[in-house]
Amino acid sequence: MDALLSLTPDGDADREETERLATGLRAEMRGLDIDALHAVSGGAPPEGAKAVDPVTAGAVVLALSASGGVLPALVETLRDWLGRQSAKHRVSVTINGDTIELEQASAEERQKLIDEFVRRYRSGE
């Protein structure tokens, strides 16, 4: 299954800061057990993905294995990354046109959203 991951930096982030954030986030994604990771350059988004806003930075396509453990690990990594940031950035994950947006929120709010999203794709739908 393919997932489109998009980083939307805080409105105060300049181009250099945005690139630094995107590079760091991609490096963390490479530490996961994913099949492939490809940066999205200009042009059309991958098939099945919603259009990417031109101001959205750091968009990557992740090829996830069908096993149920990869998606929860991905979302947990994103949640941890967001929690370590000083500014309010947003990361979205889109699978089959279904999107979850993660940003700094209470742990309870985030966990509720994450659990519901992961549950929909745990069975490899």
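The structure this text deals with has already been given above.
The rules behind each value
Residues numbered from 1 in each chain as written. Predicted model: local features only at pLDDT ≥ 70, side-chain atom pairs only at ≥ 80, totals over all residues. Heavy atoms only, no water. Helix = DSSP H or I, 4+ residues; strand = E, 2+ residues; numbered from the N terminus. Buried < 20%, exposed > 50% of the residue type's maximum accessible area, 1.4 Å probe, protein only. Contact = heavy atoms within 4.5 Å. Areas by Shrake-Rupley, 256 points an atom, 1.4 Å probe, with all protein chains shown as cover. Core = buried A, V, L, I, M, F, W, Y, C linked by side-chain atoms within 4.5 Å. Salt bridge = Lys/Arg side-chain N within 4 Å of Asp/Glu carboxyl O. Expected span 1.5 Å × (residues − 1).

Examining the overall build of the protein chain
Scanning the protein chain for helices and strands turns up three helices and five strands. Written out in order from the N terminus, the α and β elements of the protein chain read β-α-β-β-α-β-β-α. In the protein chain, which comprises 125 residues, the proportion classed as buried is 38%. Taking contacts inside the protein chain between residues at least 6 apart in sequence as the whole, the part at least 24 apart equals 64%. When the accessible surface of the protein chain is split by element, carbon and sulfur atoms take 47% of a total near 7,000 Å².

As for the nonpolar core
Within the largest apolar cluster, 29 residues are counted, with the highest numbers of intra-cluster contacts made by Leu5, Met29, Leu62, Leu71, Leu74, Leu78 and Val93. Contributing elements (two or more residues each) for this core: strand E1 (2–8), helix H1 (15–30), strand E3 (57–63), helix H2 (70–83), strand E4 (90–95), strand E5 (98–103) and helix H3 (107–121). Sorting elements by how many residues they give to this core places H2 first, with seven residues. Beyond its immediate stretch of four places on either side in the chain, leucine 78 contacts Leu5, Leu25, Met29, Val91, Val93 and Leu102.

Things to note about the pattern of salt bridges
Scanning the model with the defined rule gives six salt bridges in all. Note that glutamate 28 is salt-bridged to arginine 84, the shortest N-O span being 2.2 Å. Placement of the pair is glutamate 28 in helix H1 and arginine 84 in the loop between H2 and E4, with a sequence separation of 56 residues. Glutamate 101 is the partner of arginine 90 in a salt bridge, and the nearest nitrogen-oxygen pair spans 3.3 Å. Of this pair, arginine 90 sits in strand E4 while glutamate 101 sits in strand E5, and the two are 11 residues apart along the sequence.

Side note on H2
Here H2 is 14 residues long and its end C-alpha atoms lie 20 Å apart, about the 20 Å a rise of 1.5 Å per residue gives. Looking only at H2, the buried set comprises Val70, Leu71, Leu74, Val75, Thr77, Leu78, Arg79, Trp81 and Leu82.

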